[in-house]
Amino acid sequence: MTRLVIGVDSSTQSTKAIAWNERGELIAEGRCDIPLSNPSLEKFEQNVEDWWKAFCLSTKDLISKIDLNLVESIAISNQRETLAVLDKNGKAIYPATVWMDKRCVKEVEELNELVGGNKIHEISGRPKDPCPCLYRIFWLKKNEPDIFKKTHCFADVQSFLVHRLTGEFKTGWISSDPHGMFDVVEKKWSKEILDHLEIDENQLPKSYKPGTLIGRISKEAAYDCGLKQDLPIYAAGGDGQLAGLGTNCTKSDRAYINLGTAVVSGVWSKKYMCSKNWRTELAAHGEGYIFENVLLSGAILVNWFVDQFVQGDRKDKNFFSDLETKISQIPIGCEGLIFQPYTSGVMDPYWDSYARGVMVGINLSHTPYHLYRSIIEGLTLDSVFRTQNIEKETGLNVKEYLAIGGGANSKVWTQILADASGKNVLISDTVEASSLGAGMIAAFGAGWFSSIKEAANAMSGKTKLIKPNLSNKKKYDELINIYQNVYSSNKKTNKQLVEFSSD
């Protein structure tokens, strides 16, 4: 028998509680789905009680498969930029707003004008975009003033769960920085931004360096979730940064790329820099920063297209492999077809909430398989030029991607990534990198390793190498140049269409 830690990943669609050993091997897991509400076009909400229910059901599922006495600590990974509005007892007084919520588009400009210049970006590392929580707080102040005045704590998912487990609102730096009002250089809540929002630091969770002991599970919580009373909880946080840690992307020559619901990639930097070409956030091991690119559409777009336009059942084990065979026979550029995958707006480098998906070049010779490949190519070309932007502006040299998420199982997608970037692509042997990153922090907290970075070196698993076909790179370089024209050519039209449809 071996000692264990638990990494809980409370993500947007589900909670996974996973037990890891000191070699980073997945021993057992439990999981539970989390409902998501979409009450109107721009609003995405969740019930905080569903977070707690999913946490308890997933941990109870897990401990039915392991010896609980072997578990030494726990840490929590959470969906980022999702905001709970709570009373002093940790009960919701308003629905939690999820990171994809767009109700505060107008407030982004208003608050930045109020604070002045580029100050919010410089302090928080977050360019102008409705994703960070501070803009929904500002929206709440304007549109729900009574709720705003009653709020005891504006909480991230980790601090909500930690409060349920310990009775205290505590969290980690890497859960706080997605709020957009955390000073990522000084590692504290920004008084300047809070003053403009007219909220107090006491209305926010206390925030700690990754790996800090932030509480122990109470008797009442232990009864609810099945974990041991007094089990130590160590500060972890944002699932994106923890995915970087779980893939051991703690140096600047390796970028992680999560081919999941969204496509998220990032590279570590010792130095703080902010730019419209990325968003800057604190690294999960507490040293340096992550320059992160986010493409809001990913596997969610792939699944949408398949469900709507491709015959067959995608739950069939051969469904996607058959698709892969068909699209592998289609040449680079899909015989004159290109797709811009901004179906939910675009973050870096354009920061445009009005952007939408655009398909260019379609003709009567194209089949659904051409359209499918064009989506994969669009997602990939976008990711590649974003990484190139980081390299050009910072001087960093990314030699390889480490791919995780469901899309990493696609031989075609990962080969296109390798060919278009000219870089090696490593495929991680675990798709649960965020939970593993939390497990690494828990292992450090339990004393297994002298640093979180050492835990990452020891616990990150094996990888499979995909080498680029460099003879294809020139063709993809041409295609990227064409692709980058699609946004500017359609920017005005997309905004007009969004405004027309919202009338």
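Coordinates for the structure precede this section.
Worth saying up front: this structure is predicted, and the values here are computed from it rather than measured.

Engineer: Describe unusual backbone geometry, listing the residues and the values that go with them.
Structural biologist: Residue D348 is joined to P349 through a cis peptide bond whose omega torsion reads -5°. Tracing the chain through its elements places P349 in the loop between β20 (338-340) and β21 (358-360). The phi dihedral of E335 falls on the positive side, at around 55°, and the residue is not glycine.

Engineer: Give me the lowdown on the side chain of T380, citing residues and values where you can.
Structural biologist: Mapping T380 onto the fold places it in helix α13 (residues 368-394). The exposure class of T380 is buried, given its relative accessible area of 1%.

Engineer: Give me the lowdown on the nonpolar core, citing residues and values where you can.
Structural biologist: What tends to happen in soluble globular proteins is that the nonpolar side chains get buried as a cluster. F154, M181, L197 and I199 are the most contacted members of the largest nonpolar core, which has 107 residues in total. Here the element with the most residues in this core is α13; it accounts for 9 residues. With sequence-adjacent residues up to four places away left out, I199 is seen in contact with I137, F148, F154, M181, L194 and L204. Residues V8, A19, A84 and A155 belong to the second largest nonpolar core, which totals 42 residues.

Engineer: Tell me about the environment of R126, residues and numbers included.
Structural biologist: Residue position: R126 is located in the loop between α3 (119-124) and α4 (133-143). For R126, a relative accessible area of 2% gives the class buried. In this structure, the C-alpha to C-alpha distance between R126 and G288, residues 162 residues apart in sequence, is 16 Å. Residue contacts for R126: discarding those within four places in its chain leaves E81, I120, H121, P132, D177, P178, G180, R279, T280 and E281.

Procedures and definitions
Residues numbered from 1 in each chain as written. Predicted model: local features only at pLDDT ≥ 70, side-chain atom pairs only at ≥ 80, totals over all residues. Heavy atoms only, no water. Helix = DSSP H or I, 4+ residues; strand = E, 2+ residues; numbered from the N terminus. Buried < 20%, exposed > 50% of the residue type's maximum accessible area, 1.4 Å probe, protein only. Core = buried A, V, L, I, M, F, W, Y, C linked by side-chain atoms within 4.5 Å. Contact = heavy atoms within 4.5 Å.

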